[in-house]
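Close look at the chain arrangement
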Amino acid sequence: MEQNARELLELAQRVARRAAETARRTRTEAIGQVDTKSTATDVVTAADRAVERQIVEELRAVRPGDGFLGEEYGVQEDDAASGVRWVIDPIDGTVNYLYGLPQYAVSIAAEADGEVIAGVVVNAASGEEWHATLGGGAWRGDRRLSGSTQTVLAQALVGTGFAYSAERRAVQGAVVAGLITRVRDIRRFGSAALDLCAAAEGMLDAYYERGLNPWDLAAGGLIAREAGLLVTGLSGKPAGADLALAAPPALHKQLHDQLVELDADSGP
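The sections below set out a description of the structure shown in this document. (Residues numbered from 1 in each chain as written. Predicted model: local features only at pLDDT ≥ 70, side-chain atom pairs only at ≥ 80, totals over all residues. Heavy atoms only, no water.)

1. Structural notes on the sheet that holds strand E9 (residues 157–159)
Ordered by their spatial adjacency, 5 strands build an open sheet running E10-E9-E11-E13-E12, and the pairing between neighbours is mixed. Here the strands that pair on one side only, and so sit at the sheet edges, are strand E10 (185–187) and strand E12 (230–232). Shown here is a sheet whose adjacent strand axes are inclined to one another by a mean of 20 degrees, direction ignored. Against the sheet, helix H8 (residues 249–261) touches E9, strand E11 (206–209), E12 and strand E13 (244–247), its axis set at about 145 degrees to E13. (Pairing = 2+ DSSP bridges. Helix = DSSP H or I, 4+ residues; strand = E, 2+ residues; numbered from the N terminus. Axes fitted to C-alpha atoms, helices over the stretch in contact; angles between N-to-C directions. Contact = heavy atoms within 4.5 Å.)

2. Things to note about helix H5 (residues 166–179)
The end-to-end C-alpha distance of H5, which contains 14 residues, comes to 20 Å, matching closely the 20 Å that a straight helix rising 1.5 Å per residue would cover. Listed as buried for H5 are Gln172, Val175, Val176, Gly178 and Leu179. The arc that holds the buried residues of H5, viewed along the axis, is 165 degrees, so those residues lie on one side. The exposed set on the far side of H5, more than 90 degrees from its buried face, consists of Ala166, Glu167, Ala170 and Ala177. (Expected span 1.5 Å × (residues − 1). Buried < 20%, exposed > 50% of the residue type's maximum accessible area, 1.4 Å probe, protein only. Arc of directions from axis to C-beta.)

3. A look at the pairing of strand E7 (residues 137–140)
Here 3 bridges tie strand E6 (residues 129–133) to E7, and the two strands are oriented antiparallel to one another. Directly across from His131, in E7, lies its bridge partner Trp139. Following E6, the chain reverses through 3 residues before pairing antiparallel with E7; Gly135 in that reversal takes a positive phi of roughly 80 degrees. Inspection of the sheet shows E7 paired to strand E8 (residues 143–144) by 2 bridges, in the antiparallel sense. The residue of E8 that forms the bridge with Trp139 is Arg144. Linking E7 to E8, which pair antiparallel, is a turn of 2 residues; within it Gly141 sits at a positive phi near 65 degrees.

4. Re the pattern of salt bridges
Considering all chains together, one arrives at 12 salt bridges under this definition. Close ionic contact of Arg140 with Glu201 constitutes a salt bridge, the shortest N to O distance being 2.9 Å. Pair noted here: Arg140 is in strand E7 and Glu201 is in helix H6 (residues 192–201), with a separation of 61 residues, a long-range link. Judged by relative accessible area, Arg140 falls into the partly exposed class, the value being 23%. (Salt bridge = Lys/Arg side-chain N within 4 Å of Asp/Glu carboxyl O.)

Put into structure tokens, the structure is as follows:
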């Protein structure tokens, strides 16, 4: 398993770096054409799809028997004979991408028999890269990550994100309003994958969000876990669409209990 995970990671890293270059180049070339050729949304959608196609084609060229789950094209070859499935977010943080904010990422994870065993996240704007393998630790370059050493929730910097649905945002806003007086402060950067990496690195003390999809969580979640964070849902549930909470053990229960009290995993 360890050797296979390492091989899958090395492939994912090569592919993710090229995909990040494509995303960055596409934005530079296309965004100036928005007013004359297309809408801003079309530019982002076209870039998302082009980057995902590139990722799938490059992975399939090396491993034709694998399956794929991507944000843009959904499930492909879900019953792959190899037992490996790639979970892909071609541009995580598309609003940031549209506006030129340097927080958008390519995220690629490899699952073996349903368990994520390798993952890489590349900030396409900056080239920063985080990676992990199951049991092999989490890394930024050659530096091993171990998360925050903060133990007091009142002194914790907590990351979160918001949905595009107005109804869900209203609930999420109420949760933030209830939480913000109980922590040091709250940050919203706009890319779940990068938020999870920031928590793994200790740039955020903890992170939570409702509404994540598998491609938002797969690589970043593995990186956070391998950095020693607990990545869960609430009340014994696994991390997922209802809620994902990533925090070091010393903070996890404190933040978990506050989020339970605030019904952070309820509503639309």
